[in-house]
Amino acid sequence: MLDFNTVTEFSHTYCIAICAFLVPANLLTTLQTAILTGLNRPRIQVWASVVVASLWATAMIFHVFTWFAIGVVMPPTYILLVMAITCLTINVWAIAHPASMMQLIRVGVSVVRGAFRRKKDLVIWERRI
(Lines give C-alpha, C1' and ligand atoms only; values in the text may rest on other atoms or scores of the structure.)
Protein backbone atom coordinates (compact mmCIF):
# COMPACT_ATOMS: atom_id res chain seq x y z
CA MET A 1 0.00 0.00 0.00
CA LEU A 2 1.25 3.46 -0.85
CA ASP A 3 1.82 5.82 2.03
CA PHE A 4 0.34 9.28 1.47
CA ASN A 5 3.44 10.96 2.92
CA THR A 6 5.73 9.05 0.57
CA VAL A 7 3.62 9.92 -2.47
CA THR A 8 3.41 13.56 -1.39
CA GLU A 9 7.16 13.76 -0.84
CA PHE A 10 7.79 12.19 -4.25
CA SER A 11 5.36 14.65 -5.85
CA HIS A 12 7.08 17.63 -4.24
CA THR A 13 10.64 16.44 -4.88
CA TYR A 14 10.09 15.72 -8.56
CA CYS A 15 7.53 18.45 -9.30
CA ILE A 16 9.32 19.93 -12.31
CA ALA A 17 9.85 16.53 -13.91
CA ILE A 18 6.28 15.44 -13.19
CA CYS A 19 4.85 18.62 -14.69
CA ALA A 20 7.27 18.51 -17.62
CA PHE A 21 5.84 15.11 -18.49
CA LEU A 22 2.17 15.51 -17.51
CA VAL A 23 1.45 18.85 -19.19
CA PRO A 24 2.38 17.78 -22.74
CA ALA A 25 1.03 14.25 -22.19
CA ASN A 26 -2.28 15.74 -21.04
CA LEU A 27 -2.56 18.17 -23.93
CA LEU A 28 -1.44 15.75 -26.65
CA THR A 29 -3.64 12.85 -25.61
CA THR A 30 -6.65 15.15 -25.23
CA LEU A 31 -5.91 16.55 -28.69
CA GLN A 32 -5.70 12.98 -29.98
CA THR A 33 -9.12 12.26 -28.47
CA ALA A 34 -10.58 15.31 -30.19
CA ILE A 35 -8.98 14.37 -33.52
CA LEU A 36 -10.23 10.78 -33.31
CA THR A 37 -13.71 12.03 -32.47
CA GLY A 38 -13.61 14.60 -35.28
CA LEU A 39 -12.56 11.93 -37.78
CA ASN A 40 -15.41 9.71 -36.55
CA ARG A 41 -13.05 6.85 -35.73
CA PRO A 42 -14.39 3.66 -34.12
CA ARG A 43 -15.54 4.05 -30.52
CA ILE A 44 -12.88 1.64 -29.23
CA GLN A 45 -10.11 3.93 -30.49
CA VAL A 46 -11.74 6.97 -28.90
CA TRP A 47 -12.25 5.06 -25.64
CA ALA A 48 -8.58 4.00 -25.58
CA SER A 49 -7.48 7.59 -26.09
CA VAL A 50 -9.89 8.82 -23.42
CA VAL A 51 -8.61 6.28 -20.90
CA VAL A 52 -4.99 7.34 -21.40
CA ALA A 53 -5.81 11.07 -21.44
CA SER A 54 -7.97 10.74 -18.33
CA LEU A 55 -5.14 8.92 -16.57
CA TRP A 56 -2.79 11.87 -17.17
CA ALA A 57 -5.45 14.43 -16.18
CA THR A 58 -6.25 12.56 -12.98
CA ALA A 59 -2.55 12.26 -12.14
CA MET A 60 -2.19 16.03 -12.62
CA ILE A 61 -5.17 16.70 -10.36
CA PHE A 62 -3.71 14.50 -7.61
CA HIS A 63 -0.31 16.16 -8.04
CA VAL A 64 -1.88 19.62 -7.62
CA PHE A 65 -3.87 18.44 -4.60
CA THR A 66 -0.64 17.37 -2.89
CA TRP A 67 0.48 20.99 -3.15
CA PHE A 68 -2.86 22.29 -1.87
CA ALA A 69 -2.58 19.88 1.08
CA ILE A 70 0.53 21.66 2.36
CA GLY A 71 -0.88 25.12 1.68
CA VAL A 72 0.84 26.08 -1.57
CA VAL A 73 -1.63 28.44 -3.19
CA MET A 74 0.02 30.00 -6.22
CA PRO A 75 -1.07 30.76 -9.80
CA PRO A 76 0.75 27.72 -11.30
CA THR A 77 -1.20 25.33 -9.09
CA TYR A 78 -4.51 26.84 -10.21
CA ILE A 79 -3.41 26.93 -13.87
CA LEU A 80 -2.43 23.26 -13.77
CA LEU A 81 -5.66 22.35 -12.00
CA VAL A 82 -7.80 24.19 -14.56
CA MET A 83 -5.85 22.59 -17.42
CA ALA A 84 -6.34 19.10 -15.99
CA ILE A 85 -10.04 19.63 -15.34
CA THR A 86 -10.51 21.06 -18.84
CA CYS A 87 -8.76 18.08 -20.42
CA LEU A 88 -10.81 15.68 -18.30
CA THR A 89 -14.01 17.48 -19.32
CA ILE A 90 -13.14 17.32 -23.02
CA ASN A 91 -12.45 13.59 -22.73
CA VAL A 92 -15.73 12.94 -20.92
CA TRP A 93 -17.49 15.00 -23.59
CA ALA A 94 -15.94 12.86 -26.33
CA ILE A 95 -17.47 9.77 -24.72
CA ALA A 96 -20.76 11.22 -23.46
CA HIS A 97 -21.83 13.17 -26.55
CA PRO A 98 -19.48 12.69 -29.52
CA ALA A 99 -22.01 14.05 -32.03
CA SER A 100 -21.95 17.56 -30.57
CA MET A 101 -18.15 17.48 -30.36
CA MET A 102 -17.93 16.41 -34.02
CA GLN A 103 -20.29 19.22 -35.00
CA LEU A 104 -18.18 21.82 -33.15
CA ILE A 105 -14.97 20.48 -34.71
CA ARG A 106 -16.50 20.64 -38.19
CA VAL A 107 -17.60 24.23 -37.65
CA GLY A 108 -14.11 25.13 -36.40
CA VAL A 109 -12.44 23.45 -39.37
CA SER A 110 -14.72 25.23 -41.85
CA VAL A 111 -13.98 28.61 -40.20
CA VAL A 112 -10.23 27.99 -40.42
CA ARG A 113 -10.50 26.85 -44.04
CA GLY A 114 -12.53 29.96 -44.87
CA ALA A 115 -9.91 32.18 -43.27
CA PHE A 116 -7.15 30.55 -45.33
CA ARG A 117 -9.19 30.92 -48.51
CA ARG A 118 -9.73 34.61 -47.83
CA LYS A 119 -6.02 35.04 -47.15
CA LYS A 120 -5.19 33.23 -50.40
CA ASP A 121 -7.70 35.37 -52.32
CA LEU A 122 -6.11 38.54 -50.88
CA VAL A 123 -2.66 37.42 -51.97
CA ILE A 124 -3.91 36.67 -55.49
CA TRP A 125 -5.75 40.02 -55.59
CA GLU A 126 -2.59 41.92 -54.51
CA ARG A 127 -0.53 40.22 -57.24
CA ARG A 128 -2.98 41.40 -59.89
CA ILE A 129 -2.62 45.01 -58.78
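Draft legend 1. Looking closely at the overall build of the protein. Across its full length, the protein carries five helices and zero strands. When the helices and strands of the protein are read in sequence order from the N terminus, they spell out α-α-α-α-α. For the protein, whose C-alpha radius of gyration is 20 Å, the value lies well above the compact-globule estimate of 14 Å for 129 residues. With the model as given, the accessible surface of the protein reaches about 8900 Å², and the carbon-plus-sulfur share is 73%. Counting 10 positive and 4 negative side-chain charges, the protein places the averaged centre of each group 24 Å from the other.

Draft legend 2. The arrangement of the packing of aromatic side chains in detail. Per the counting criterion, the structure on display carries four aromatic pairs. Ring centres of Phe68 and Tyr78 lie 5.3 Å apart, and the angle between their planes is 45 degrees; this geometry places the pair in the tilted category. Highlighted residues: Phe68 in helix α3 (residues 43–69) and Tyr78 in helix α4 (residues 75–96), separated in sequence by 10 residues. A relative accessible area of 23% places Phe68 in the partly exposed class. Here the aromatic residues Phe65, Phe68 and Tyr78 are joined through ring pairs into a cluster of three or more.

Draft legend 3. How the structure looks around the packing of helix α2 (residues 15–38) against α4. Across the interface, α2 lies against α4 with an axial gap of 10 Å and an inter-helix angle of 25 degrees. Overall, the two elements α2 and α4 adopt an arrangement that is roughly parallel. As α2 runs across α4, the sense of the crossing is left-handed. Between α2 and α4, the contacting residues are Cys19, Val23, Asn26, Leu27, Thr30, Thr33 and Thr37 on the first element and Leu80, Met83, Ala84, Cys87, Ile90, Asn91 and Ala94 on the second.

Draft legend 4. Fine view of α2. The end-to-end C-alpha separation of α2 is 34 Å, in line with the 34 Å expected for 24 residues at 1.5 Å each. Looking only at α2, the buried set comprises Cys15, Ile18, Cys19, Leu22, Ala25, Asn26, Thr29, Thr30, Thr33, Ala34, Leu36 and Thr37. Looking one or two places after α2, you find Asn40, whose phi comes out positive at around 55 degrees.

Draft legend 5. Focus on the confidence of the model for the protein. Taken residue by residue, the protein gives an average pLDDT of 90. The fraction at 70 or more is 91%. Per-element confidence in the protein is highest for α2, whose mean pLDDT is 96, and lowest for helix α5 (residues 98–128), whose mean pLDDT is 82.

Draft legend 6. Representation of the environment of Ile18 in the model. Its location among the elements puts Ile18 in helix α2. Excluding residues within four positions of it along the chain, Ile18 makes contact with Phe10, Ser11 and His63.

Draft legend 7. Layout of the side chain of Thr66. Looking at the secondary structure, you find Thr66 in helix α3. Of note is the side chain of Thr66, whose polar atom sits 3.0 Å from the side chain of Ser11. The residues touching Thr66, leaving out its near neighbours within four places in the chain, are Thr8, Ser11 and His12.

Thresholds applied
Residues numbered from 1 in each chain as written. Predicted model: local features only at pLDDT ≥ 70, side-chain atom pairs only at ≥ 80, totals over all residues. Heavy atoms only, no water. Helix = DSSP H or I, 4+ residues; strand = E, 2+ residues; numbered from the N terminus. Rg over C-alpha atoms; globule rule 2.2 N^0.38 Å. Areas by Shrake-Rupley, 256 points an atom, 1.4 Å probe, with all protein chains shown as cover. Lys, Arg positive; Asp, Glu negative; His and termini not counted. Charge placed at Lys NZ, Arg CZ, Asp CG, Glu CD. Phe/Tyr/Trp six-rings, centres within 6.5 Å; stacked < 30°, edge-to-face > 60°. Buried < 20%, exposed > 50% of the residue type's maximum accessible area, 1.4 Å probe, protein only. Axes fitted to C-alpha atoms, helices over the stretch in contact; angles between N-to-C directions. Parallel < 35°, antiparallel > 145°, perpendicular 65-115°, else oblique. Left-handed = near helix turned anticlockwise from the far one by under 90°. Contact = heavy atoms within 4.5 Å. Expected span 1.5 Å × (residues − 1). pLDDT = per-residue confidence, 0-100. Polar contact = N/O pair within 3.5 Å; in protein donor to acceptor, adjacent residues only side chain to side chain.

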